[in-house]
Structures are given as structure tokens and as C-alpha cells.
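# Structural characterization, general
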Amino acid sequence: MDAAGKDGTIKHVMSGVNPQGCQVFSFKQPSSEDLDHDFLWRYAKRLPERGRIGIFNRSYYEEVLVVRVHKHILKRQNLPAPLISKRIWDERLFDIAHFEDYLTRQGTIVLKFFLHVSRKEQKKRFMDRLDRPDKHWKFSPSDVYEREFWGDYQHAFEEAIRATASKRAPWYVVPADNKWFTRLIVAAAIVAAVEKLDLAYPTVDARKKKELQTMRATLSREK
């Protein structure tokens, strides 16, 4: 939900990570090019390369959340009419689950975080944005409009999490009313995932070690 703390969580949790190995993508309203492709296309092309950390600020789950709540958006996705049936959300969730299973079998670790902010806390944060001139830029009238669909979104969240939670691609439902706690949980989950990789600096073979000894001797002789 809006004001759940997505941007702040990314900023704080990843502050100690070398930016050379990390990339963040924020997904806004799809472009005309995006709409000319399947619903996973624009997300698939932003997947991180091997050895890098990729962060999706919002993701393909928007296609079964905001699109599900506001069905007029679905009409802009250029799907053949017969494919827009009552089963489309179940079908998309099925596709997402298999997409993530595919990613994990290709060596990508998938961690999914749902920052669960309460309606009361969201209102408080919106009011804070309105009261503080330095936060006016963060406020959008659509934020208040979307609150009218709170129940619809909660139903969509529940359906999405239930259909796509798996051992390989787990969901972390994180209480988000206290920002420090949110960041702690997200950081702990990421640290645990990285530790399981058992990472280490590359080792050098005997030939490389001999070369290094030669270079040390060369540097030592310099005056």
C-alpha cells in the first residue's frame, strides 16, 4: 500500500551494500511499448545478472493487484477479448508462481516482501506529508482516492500471497506501522539469504601465487 515505507526500507536496508553490485528498478504506469507485450515482459527484462542484487520497487504483482482492483486498466492491455475471463486472476497468479519457480531453478534467489501498513497508520503518514512542506512532493491525490478500495486491495493481497508463496520463493509479510521494525525484519531476511550462499573471495591457483611472488619481488627491488 502507499506510504508503507518501500522507498525508505530500500534506502536504509541497502545502505551498507556496494552500489556496484546492486540495482533498483521502480515500476510506474506501463508505457505503450510495455502494453504491446505480455504482462511479465517489462519485469523480466529488468532481472539482475548473475552475481548482482536486483530490487524491484513494486513488481509484476501490480498486475494482480491494482489491475485487479481497477479493471478498466486491464482493458488497456490489448488482450484478445476471449482471454479476459473470470479466471484471468487465477491464471496470472499461476503464471507468476511458475515464473518464480523458473527463476529459482536458474539460480536466482527470490525474496518477496509485503509491507503491511494499517489503515490508521497510512492516514497518519498522509497527514504528515500534508503538514510538512518538505514532504508535499511525496503526496498525490490518488493516494487518498485509493483508500476507498482498501478492502478490495486486502482481498487481492491475500489471494496473491496464498497462490504464490513457496519454499523457493517465500513471502515475508512484514508489519509496517513501525519503520525501524520493518527495516529490521527485511534486513534479517536478506542477511539470512546471503549467508546461505556461503560466499567467499576467489582463491588463486599455484601458478597465480607464483606470479604474485614475482611481482612482490619486482616491487621490492624498486628504489
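The structure under discussion appears in the preceding block.
Described in the following lines is the structure provided in the data block. Everything quoted here is computed from the prediction, not taken from an experiment.

Direction vectors running N to C along helix H6 (residues 88–105) and helix H9 (residues 150–164) enclose 40 degrees, while the axes themselves pass 9 Å from each other. If you check the angle between H6 and H9, you find them oblique. At the point where H6 passes H9, the crossing takes the right-handed sense. Contacts from Leu 93, Ile 96, Ala 97 and Glu 100 of H6 reach H9 at Glu 159, Ala 160, Ala 163 and Thr 164. Of the residues belonging to the contact of H6 with H9, the class tally is 5 nonpolar, 1 polar and 2 charged.

Next up on the list: helix H1 (residues 6–13). Within the sequence span of H1, burial applies to Gly 8, Thr 9, Ile 10 and Val 13. Here the buried face of H1 lies against strand S1 (22–26), strand S2 (53–57), strand S3 (112–116) and helix H10 (179–196).

What follows deals with a nonpolar patch on the surface. On the surface, Ile 109, Val 194, Leu 197 and Leu 199 cluster together into a nonpolar patch covering about 370 Å² of accessible area. On the secondary structure map, Leu 199 appears in the loop between H10 and helix H11 (206–221). The exposure class of Leu 199 is exposed, given its relative accessible area of 63%.

We now examine the environment of Trp 137. Locating Trp 137 in the fold gives a position in the loop between helix H7 (119–131) and helix H8 (141–146). A distance of 3.1 Å separates a polar atom in the side chain of Trp 137 from the backbone oxygen of Asp 134.

Two aromatic rings, taken as a pair, are described by how far apart their centres are and by the angle between their planes. This model, assessed by the stated rule, comprises 12 aromatic pairs. Taking 4.9 Å as the distance between ring centres and 70 degrees as the angle between the ring planes, the aromatic pair formed by Tyr 61 and Trp 171 counts as edge-to-face. Of this pair, Tyr 61 sits in the loop between S2 and helix H4 (66–69) while Trp 171 sits in strand S4 (residues 171–175), placing them 110 residues apart in sequence. Trp 171 carries the same exposure label as Tyr 61, and that label is buried. Feature note: the residues Phe 27, Tyr 43, Phe 56, Tyr 60, Tyr 61, Phe 99 and Trp 171 constitute an aromatic cluster, connected by ring pairs.

Thresholds, definitions, all that
Residues numbered from 1 in each chain as written. Predicted model: local features only at pLDDT ≥ 70, side-chain atom pairs only at ≥ 80, totals over all residues. Heavy atoms only, no water. Axes fitted to C-alpha atoms, helices over the stretch in contact; angles between N-to-C directions. Helix = DSSP H or I, 4+ residues; strand = E, 2+ residues; numbered from the N terminus. Parallel < 35°, antiparallel > 145°, perpendicular 65-115°, else oblique. Left-handed = near helix turned anticlockwise from the far one by under 90°. Contact = heavy atoms within 4.5 Å. Nonpolar A, V, L, I, M, F, W, Y, C, P; charged D, E, K, R; others polar. Buried < 20%, exposed > 50% of the residue type's maximum accessible area, 1.4 Å probe, protein only. Patch = residues over 30% accessible without salt bridge, like charges linked within 9 Å, V, L, I, M, F, W, Y side chains within 5 Å. Areas by Shrake-Rupley, 256 points an atom, 1.4 Å probe, with all protein chains shown as cover. Salt bridge = Lys/Arg side-chain N within 4 Å of Asp/Glu carboxyl O. Polar contact = N/O pair within 3.5 Å; in protein donor to acceptor, adjacent residues only side chain to side chain. Phe/Tyr/Trp six-rings, centres within 6.5 Å; stacked < 30°, edge-to-face > 60°.

Geometric values such as these leave the question of function open.
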